[in-house]
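What the coordinates show
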Amino acid sequence: MAIREAVIAIDFDGTVVTHAYPEVGDDIGAVPVLKELVAQGDKLILWTMRSGRLLEDAVAWFRKHDIPLWAINENPTQGGWTTSPKVHANLIIDDSALGCPTCFLDGERRPAANWQRIREMLVRMGYLD
Ligand SMILES: [Mg+2]
């Protein structure tokens, strides 16, 4: 039985899509894994440096793929116990994080998140069955 109702902060560029900032990158396999997490009750926080129109583009990506976001660049429940801007999350998925599995795709200069391996890690860590 997987951990349920986890708060998961997720980066955008290089994590759910290839690196193409300020454009929106290509699909790299995040969609089915994110849908699995949301379907079991996990809450996704979009955790990104994007702002303004570029942030709207990222939010639109989630909407297009029917992946609901619980919050954007904040955890709406932490204001009662901290004024820190760091988002409280049970898990943070970010291609820049040490330990995040990444891979180089054809023609890419920077590695992007490897969602096959991320899913395997989520199972090992108890976040997915
Ligand atoms: Mg990134």
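Residues numbered from 1 in each chain as written. Predicted model: local features only at pLDDT ≥ 70, side-chain atom pairs only at ≥ 80, totals over all residues. Heavy atoms only, no water.

Glancing now at the overall build of the chain. Within the chain, the secondary structure is distributed over three helices and six strands. Beginning at the N terminus, the succession of helices and strands in the chain can be written as β-α-β-α-β-β-β-β-α. Over its C-alpha atoms the chain spans a radius of gyration of 14 Å, differing by no more than 12% from the 14 Å that the globule rule assigns to 129 residues. Judged by the C-alpha coordinates and their principal axes, the chain covers about 45 × 35 × 30 Å. Within the chain, the proportion of its 129 residues that are buried is 43%. (Helix = DSSP H or I, 4+ residues; strand = E, 2+ residues; numbered from the N terminus. Rg over C-alpha atoms; globule rule 2.2 N^0.38 Å. Buried < 20%, exposed > 50% of the residue type's maximum accessible area, 1.4 Å probe, protein only.)

Binding of the magnesium ion to the protein goes through Asp11 (OD), Asp13 (O) and Asp95 (OD), at separations of 2.1 to 2.2 Å. All donor residues of the magnesium ion come from one chain, and their arrangement in sequence is D-x1-D-x81-D. Residue aspartate 11 is located in the loop between strand S1 (7-10) and helix H1 (30-39), and its partner aspartate 95 is located in the loop between strand S4 (91-93) and strand S5 (102-103); the two are separated by 84 residues in the primary sequence. Residue class for aspartate 95 comes out buried when judged on its relative accessible area of 11%. (Donors = N, O, S within 2.8 Å, 3.2 Å for Na, K, Ca; no water.)

The subject of this paragraph is the pairing of strand S2 (residues 43-46). Strand residues, when the strand is regular, have side chains that alternate between the two faces of the sheet. As defined by bridge partners, S1 adjoins S2 across four bridges and the pair is classed as parallel. Paired with isoleucine 8 across the two strands is leucine 44, which belongs to S2. Since S1 and S2 lie parallel, the crossover through H1 that links them has a hand, and here it is right-handed. Bridging between S2 and strand S3 (residues 71-72) involves two bridges; their strand directions are parallel. By the bridge assignment for S3, leucine 46 is matched with isoleucine 72. (Pairing = 2+ DSSP bridges. Right-handed = clockwise from strand over helix to strand, strands pointing away.)

Our focus in this paragraph is helix H2 (residues 52-64). Side chains three or four residues apart in an α-helix point the same way, a direct result of the helix having 3.6 residues per turn. In a regular helix each residue adds 1.5 Å, so 13 residues correspond to 18 Å; H2 covers 18 Å between its end C-alpha atoms and thus fits that length. For H2, the set of buried residues is Leu54, Leu55, Ala58, Val59, Trp61 and Phe62. Along the axis of H2, the buried residues cluster in a sector spanning 145 degrees; they form a single face. Seen from the buried face of H2, the exposed residues on the opposite side, beyond 90 degrees, are Arg53, Glu56, Arg63 and Lys64. The inward-facing, buried residues of H2 contact S1, H1, S2 and S3. Looking one or two residues beyond H2, the residue adopting positive phi is aspartate 66, at roughly 55 degrees. (Expected span 1.5 Å × (residues − 1). Arc of directions from axis to C-beta. Contact = heavy atoms within 4.5 Å.)

Another point: the sheet that holds S1. Within the open sheet, the four strands sit side by side as S3-S2-S1-S4. Their pairing is parallel. Taken across any chain shown, the strands that pair with only one partner, and hence form the sheet edges, are S3 and S4. As judged from the three bridges shared by S1 and S4, these two strands associate in the parallel manner. From the neighbouring strand, isoleucine 8 faces S4, where its bridge partner is leucine 91.

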